[in-house]
Amino acid sequence: MTPLLAGAVFTARQACSDGQVKKKRGADMIVAANWKMNPALDQAAVLATALASQPFFEIKRILFVPHPYLVPMSVRLTGAPLQIGGQDCHFADHGAYTGDVSAGMLRDCGASTVLLGHSERRSAHGESSDLVAQKIKAALAQNLDVVLCVGETKAERDDKKAEQVVIDQLQASIPDNTPPTRLTIAYEPVWAIGTGAVASPDDIGAMHHIIASVLSERFGAGALPPILYGGSVNAENAGSIFAVPLVGGALVGGASLDADAFAAICTAAQLASRNEG
């Protein structure tokens, strides 16, 4: 950690404890659904229709759907206040990469954004932060916005390495010359994804302030990208999570496959946006 960043982290922690730091006013909350490898196509159609029928204001909703569903979901949701995103992309524009999809293919299929660096990609597919950075470059070149995932494992947290792991991921994953307006960060502690365990508000706040410090050093305090929280977000805990300073929304996994549960999370985000306005 550089001396400048170390000082920024200390300042952010102090501001958090003093209650001085708030979410950037005027920024809508973001609620992003990561469907992962779910559901069946007929169920996806019903779910997408239900989500499109729900009116929400002052929040942005994104659906990260399986790649084969991009076209049918884009067609079904034409005109709906929902953005469609891909769950990954390759760093190359084309080539002999069996089973992969390029950022341009995502765009051509209706995606406006892409989810990159998810822990399930980093662990199951061995993706390094350097590779994630190459993918972000490819996505930005194709005019896609990027949601970048970062987060520590339970072992890393137990070893008191969580902060440094996240700092390292941020610094290595974000390419030079990345426009902050095209970037969103999703902090997902790996030990909380799909387990039912949720980081405490204090832990969420502390990590979000560290992330904000890294981003402020990189982009300037006035150009802070949104920072989402992910990891077993549900209808019951969303309100308390959105109340944490610098939480700009949520990346939602399992609960996004239930229209009513996702609507409840969106309602909590809408309320938080209005309270910040």
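Here, residues in each chain are numbered from 1, in the same order as that chain's written sequence. Under the rules for a predicted model, residues below a pLDDT of 70 receive no local features and side-chain atom pairs below 80 are neither given nor counted, while totals for whole chains, interfaces and linings still include all residues. To obtain the side-chain values, all non-hydrogen atoms of the structure were included, while hydrogens and water were left out.

Describing the packing of helix α6 (residues 129–141) against helix α8 (residues 162–173)
Turning to step 1, where the next piece is worked out: Close contact between α6 and α8 brings their axes to 8 Å; oriented N to C, the two are set at 40 degrees. Classed by the angle they form, the pair α6 and α8 counts as oblique. Here α6 runs over α8; the crossing is right-handed. Residues S129, D130, V132, A133 and I136 of α6 form the contact with α8, whose own contacting residues are Q169, A172 and S173.
Turning to step 2, where the next piece is worked out: Its residues assigned to classes, the contact of α6 with α8 shows four nonpolar, three polar and one charged. Each axis is a line fitted through C-alpha atoms, and for a helix only the stretch in contact is used; angles between axes span 0 to 180 degrees, taken between their N-to-C directions. Numbering of helices and strands starts at the N terminus; helices are DSSP runs of H or I of at least 4 residues and strands are runs of E of at least 2. In this scheme, roughly parallel covers angles under 35 degrees and roughly antiparallel covers those over 145, while 65 to 115 is roughly perpendicular and the rest are oblique. By definition, turning the near helix anticlockwise from the far helix through less than a right angle yields a left-handed crossing, and turning it clockwise yields a right-handed one. In what follows, a contact means two residues having at least one pair of non-hydrogen atoms within 4.5 Å. Residue classes follow a fixed rule: Ala, Val, Leu, Ile, Met, Phe, Trp, Tyr, Cys and Pro count as nonpolar, while Asp, Glu, Lys and Arg count as charged, and any other residue, Gly among them, counts as polar.

Topic: the state of the cysteines
Turning to step 1, where the next piece is worked out: Two cysteine sulfurs form a disulfide in these notes if their separation is within 2.5 Å. A complete count under the given rule lists zero disulfides for this structure.
Turning to step 2, where the next piece is worked out: Between C149, a free cysteine, and C89, which holds the nearest cysteine sulfur, the sulfur-to-sulfur gap is 13 Å.

Some words on unusual backbone geometry
Glycine aside, residues mostly have negative phi angles, and peptide bonds mostly take the trans form.
Turning to step 1, where the next piece is worked out: Here the amide bond leading from N38 into P39 is cis, since omega sits at -20 degrees, within 30 degrees of zero.
Turning to step 2, where the next piece is worked out: Note that P39 resides in the loop between β1 (29–34) and α2 (41–52).
Turning to step 3, where the next piece is worked out: Of note, the phi angle at K160 is positive, near 60 degrees, even though the residue is not glycine.
Turning to step 4, where the next piece is worked out: If you trace the backbone, K160 turns up in the loop between α7 (154–158) and α8.
Turning to step 5, where the next piece is worked out: Burial classes follow relative accessibility: with a 1.4 Å probe on protein chains only, a residue under 20% of its type's maximum area counts as buried, one over 50% as exposed, and anything between as partly exposed. Among the residues examined, K160 registers a relative accessible area of 77% and is labelled exposed.
Turning to step 6, where the next piece is worked out: The phi torsion at L246 lies on the positive side, around 75 degrees, for a residue other than glycine.
Turning to step 7, where the next piece is worked out: Summarising the element assignment, L246 is placed in the loop between α10 (238–242) and β8 (249–252).

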